[in-house]
Amino acid sequence: MRQILYISTASPGAAIDVAGILAVSQRNNRRDGVTGLLWTDGHRFLQVLEGNDAAVQRVLDRLLSDPRHRGIAVLHDRTVAEREFGAWEMARRSASDSADAFDVKMDGFLATASPTVRGTFEGLIAARRAA
Ligand SMILES: Cc1cc2nc3c(=O)[nH]c(=O)nc-3n(C[C@H](O)[C@H](O)[C@H](O)COP(=O)(O)O)c2cc1C
């Protein structure tokens, strides 16, 4: 099972329709057997994608040519024995979530993640909170 973790930045001036990205991603990823987690604050994206090699490559190729974000940096591209994310999830703090409720939600999504993946998400979230 291939697993990719990348970070990117929303393109300046790009209208980021997070719900729209989620809808297309859920549809495609379900069809292609790709699971993962996408975290965004509307400015930065951190996403893990896992699935078979070719399926993950196809998503990555589409992502690389998507003008809505830039500076895509792949933090790791590795083989994992099993999926760490059994379901496609999108972590977005909704208006009704307190910061604590959002942290609990993220903890749940990351419960089965490896220490590297978990640490990367937690690091970015902590940095955004401190900003
Ligand atoms: C931050 C970000 C994350 C995305 N994640 C996915 C994804 O996980 N799966 C996916 O198919 N498309 C994802 N997309 C959308 C793709 O870049 C592309 O627009 C889409 O796959 C095209 O799908 P379509 O050919 O079915 O219209 C993402 C886009 C952005 C900006």
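For the structure itself, consult the block above.
One structure accompanies this document, and this report is about it. Given the structure is predicted, the values throughout are model-derived calculations rather than measurements.

The helix and strand inventory of the protein stands at four helices and five strands. Reading the protein from its N end, one meets helices and strands in the order β-α-β-β-α-β-β-α-α. A globule of 131 residues ought to have a C-alpha radius of gyration of about 14 Å, and the protein, at 14 Å, matches this closely. For the protein, the C-alpha atoms occupy an extent of roughly 40 × 35 × 25 Å along the three principal directions. Taking all 131 residues of the protein together, the buried fraction comes to 43%. Both charge centroids of the protein, one from 17 positive and one from 16 negative side chains, sit 5 Å from each other.

A few words on the site of the ligand. Taken together, 17 residues are adjacent to the ligand, and Ser25, Arg27, Asn29, Arg62 and Asp66 come closest. Arg27 places a side-chain nitrogen or oxygen 2.8 Å from an oxygen atom of the ligand. In this structure, Arg62 approaches the ligand through a side-chain N or O atom, which is 2.7 Å from an oxygen atom. For the ligand, whose free accessible area comes to 620 Å², the fraction covered by protein is 81%. Here the ligand occupies the largest pocket. Those elements giving two or more residues to the shell around the ligand turn out to be helix H1 (18–32), strand E3 (44–51) and helix H2 (53–64). Among the elements that make up the shell around the ligand, the one with the highest residue count is H1 (six residues). Looking at side-chain class alone, the shell around the ligand contains eight nonpolar, five polar and four charged residues.

On inspection of all chains with the given rule, the structure shows seven salt bridges. In this structure, Arg78 engages Glu84 in a salt bridge whose closest nitrogen and oxygen atoms are separated by 3.5 Å. Residue Arg78 is classed as partly exposed on the basis of its relative accessible area, which comes to 24%. On the accessibility criterion, Glu84 (9% relative accessible area) is buried. Between Arg118 and Asp107 there is a salt bridge; the shortest N-O distance is 3.8 Å. Placement of the pair is Arg118 in helix H4 (residues 115–130) and Asp107 in helix H3 (residues 99–110), with a sequence separation of eleven residues.

Within the secondary structure layout, Val56 lies in helix H2. With relative accessibility at 0%, the residue Val56 sits in the buried group. Here Val56 is in contact with Arg2, Ile4, Leu49, Glu50 and Gly51, once residues within four sequence places are set aside.

What counts and what doesn't
- Residues numbered from 1 in each chain as written.
- Predicted model: local features only at pLDDT ≥ 70, side-chain atom pairs only at ≥ 80, totals over all residues.
- Heavy atoms only, no water.
- Helix = DSSP H or I, 4+ residues; strand = E, 2+ residues; numbered from the N terminus.
- Rg over C-alpha atoms; globule rule 2.2 N^0.38 Å.
- Buried < 20%, exposed > 50% of the residue type's maximum accessible area, 1.4 Å probe, protein only.
- Lys, Arg positive; Asp, Glu negative; His and termini not counted.
- Charge placed at Lys NZ, Arg CZ, Asp CG, Glu CD.
- Near = heavy atom within 4 Å.
- Polar contact = N/O pair within 3.5 Å; in protein donor to acceptor, adjacent residues only side chain to side chain.
- Areas by Shrake-Rupley, 256 points an atom, 1.4 Å probe, with all protein chains shown as cover.
- 1 Å grid on protein atoms, 1.4 Å probe; cavity = no way out; pocket = protein on both sides within 12 Å on 5 of 7 lines; lining within 4 Å.
- Sits in = over half its atoms within 2 Å of the grid points.
- Nonpolar A, V, L, I, M, F, W, Y, C, P; charged D, E, K, R; others polar.
- Salt bridge = Lys/Arg side-chain N within 4 Å of Asp/Glu carboxyl O.
- Contact = heavy atoms within 4.5 Å.

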